[in-house]
Amino acid sequence: DEVNQEAAKIIPPATDNKLIVYTGPEKSDFKIPSADELVMMAENASKTEIKPYEEKAVASSLMEKAPAPGKITGEKTNAELGTTELTLSNGVKVILKPTDFKNDQVVMTASRFGGQYNVDPKDRFNAEFASTVVTQMGVGQFSPVDLRKVLAGKNATVAPRIGNVSETLNGQSSAVDVEAMLQLTYLYFTQPRQDAELFNSFVTKQQALYQNMVSDPQFTFQDSLLRILYKNHPWAPKVPKAETFAQINQQRAFEIYKDRFGNANGFTFVIVGKFDVPTLKPLLATYLGSLPSTGKPSTYKDVGLRPAKGPLKKEVKKGTEPKSFVRLIWNGEAPYSDEEQFKVQALTELMNIKIIETLREDMSGVYGAGMGGSLNKFPYNNYAISISIPCGPENVDKLVAAALAEIDKVKTAGPTEADLNKVKETWKQQYLVNVKDNNFWARQLIQSVELGSNPIGILTYEKKVDALTPKDIKETAAKYLDTKKFVQVVLNPEN
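## Notes on the nonpolar core
Within the largest apolar cluster, 78 residues are counted, with the highest numbers of intra-cluster contacts made by Leu 62, Val 94, Leu 96, Ile 248, Phe 269, Ile 271 and Leu 284. For Leu 284, the residues in contact, after removing those within four places along its chain, are Leu 86, Leu 88, Val 94, Leu 96, Leu 182, Ile 271 and Gly 289. Leu 328, Val 344, Ile 446 and Tyr 461 belong to the second-largest nonpolar core, a separate cluster that totals 56 residues.

## Digging into the pairing of strand 5 (residues 156-162)
Burial along strand 5 is one-sided: Ala 156, Val 158, Pro 160 and Ile 162 are buried, while Thr 157, Ala 159 and Arg 161, pointing the other way, are not. As paired elements, strand 5 and strand 6 (residues 166-173) share seven bridges and run antiparallel to each other. Across the sheet, the residue bridging to Ile 162 is Glu 167, located in strand 6. In this antiparallel pair of consecutive strands, strand 5 and strand 6, the connection spans three residues.

## Notes on helix 13 (residues 396-413)
Between the first and last C-alpha of helix 13 there are 26 Å, a value that for 18 residues agrees with the 26 Å anticipated at 1.5 Å per step. Every buried residue belonging to helix 13 is among Val 396, Leu 399, Val 400, Ala 402, Ala 403, Leu 404, Glu 406, Ile 407 and Val 410, and all of these are buried. Buried residues belonging to helix 13 abut strand 9 (324-333), helix 12 (338-362), strand 10 (370-376), strand 11 (382-391), helix 17 (470-480) and strand 12 (487-492).

## Notes on the sheet that holds strand 11
To summarise the sheet geometry, strands pair through backbone hydrogen bonds and adopt either a parallel or an antiparallel arrangement. Spatially, five strands are ordered 8-12-9-11-10 in an open sheet, and the strand pairing comes out mixed. Each end of this open sheet is capped by a strand with a single partner; those strands are strand 8 (312-317) and strand 10. Strand-to-strand twist in this sheet, taken as the mean axis angle between neighbours without regard to direction, amounts to 15°. Looking at chain direction, strand 9 and strand 12 are connected through five bridges and run antiparallel. Each residue of the ladder has a partner; that of Ile 329, found in strand 12, is Val 487. Those strands touched by helix 8 (residues 217-230) are strand 8, strand 9 and strand 12, and its axis lies near 155° from that of strand 12.

## Notes on the environment of Asn 495
Within the secondary structure layout, Asn 495 lies in the segment after strand 12. Overall, Asn 495 belongs to the exposed group, its relative accessible area being 84%. Between the alpha carbons of Asn 495 and Glu 349 there is a distance of 36 Å; along the sequence they are 146 residues apart.

## Details of the packing of aromatic side chains
One pass over the full model with this rule turns up 21 aromatic pairs. Consider the rings of Phe 342 and Trp 427, whose centres lie 5.3 Å apart with planes at 55°: the pair is tilted. You can see Phe 342 sitting in helix 12 and its partner Trp 427 sitting in helix 14 (residues 417-434), a full 85 residues away along the chain. Using a relative accessible area of 6% as the deciding quantity, one classes Phe 342 as buried. A relative accessible area of 12% means that Trp 427 is categorised as buried. Of the aromatic side chains, those joined through ring pairs into one cluster are Phe 189, Tyr 257, Phe 261, Phe 267 and Phe 269. One residue, Lys 97, lies across the ring of Trp 441, its end atom 4.3 Å from the ring centre.

Calculation notes
Residues numbered from 1 in each chain as written. Predicted model: local features only at pLDDT ≥ 70, side-chain atom pairs only at ≥ 80, totals over all residues. Heavy atoms only, no water. Core = buried A, V, L, I, M, F, W, Y, C linked by side-chain atoms within 4.5 Å. Buried < 20%, exposed > 50% of the residue type's maximum accessible area, 1.4 Å probe, protein only. Contact = heavy atoms within 4.5 Å. Helix = DSSP H or I, 4+ residues; strand = E, 2+ residues; numbered from the N terminus. Pairing = 2+ DSSP bridges. Expected span 1.5 Å × (residues − 1). Axes fitted to C-alpha atoms, helices over the stretch in contact; angles between N-to-C directions. Phe/Tyr/Trp six-rings, centres within 6.5 Å; stacked < 30°, edge-to-face > 60°. Lys NZ or Arg CZ within 6 Å of the ring centre and 35° of its normal.

Written as structure tokens, this is what we have:
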């Protein structure tokens, strides 16, 4: 009865049968509509004539006619890997690996050196979001909504991307929709679409999405971490903020996209899955062999971006909950090799075991913590390894000390055979799953092209795992993990 009495005070009588609830931002310069104005809005809306929805007529196919095909100028096979490599007349290469892993899946990935760093730093946000902006506006005569309609009943997707040092493109289709996937690829290279309304909608949505993130302690931590590592370098990585999207210019982002994808020379495409090579060749000549090519080579640029090195300790204060987050970082220049990268990965996997055992199981200080890292070849030879520790503020110092102690143990005595064997067995079991996966083969083959490595290593992975020794891990830890020289950034609550 009491609830009903209160409701009767707030809700208008049943004869009126109308309740208007208004929500809006708390801003001093924002005019809140009066009750009369709200009623007038509602009444005007109720008088508006609403016409039935009319379905827009959309073309029945992606392309009215196929482009004039290019030529296949070279072909070679690798019997061990089961691959065929084609060279096309416009400087594009295609690596094909037919499989029977899935009877209705074809995976495509493509890559070429180039990327955002070739653009003037004043255009960094235009370059960073160029490919995203294009995918929001569509290709050819099709908006993203129209694309979904014309592709109804088909399974084909393609997504271009401009990274820091490369342009990439990823796609996937069913076995019967490979041509649709290749047509989409052709359109993303040759007919990116401009649409001011869709562009503005994208910007508005992103601004709304990121507007309230600044109050999240993790957002502030990540933003501060990047500032500490890279200071004011014009190409320093940045966490997107609402104001970031206001700096994107539709026309300039579109021009950068067309510049990077307007010349396909140097691209390598890898296609893996259920297909017949002789049947696929004419489609490749038609849709990939006809891609525009100036013959001009594309390469990446080293802009001199280097992270800060240790010893360096910083604290970030944000939030009121008793939660802290620790990041320990080792980085620097180091010669790249596939073998050395393999050892670094083994080291981080083994350290994950020890960190979890000590920090979670023995000390009960965390639910999850871990190490990750890699060697990188581009734009310069370097390494980056880090440990992440979420914990309570009272445990920060002792958990950091415990993690460093585990590193020192491995550097001094090396890992036990038992711990190393855990890593080996996990890797070999995962490998047996991976070699039956189309995406795995696509990733490995394109990486071998990017790194200039021998792809036959995909088949000898288990031997490489078996050859790892505790001595390898010990030496790798000593080389990269100096427990006196690292960057430590800690997020603590404000009080």
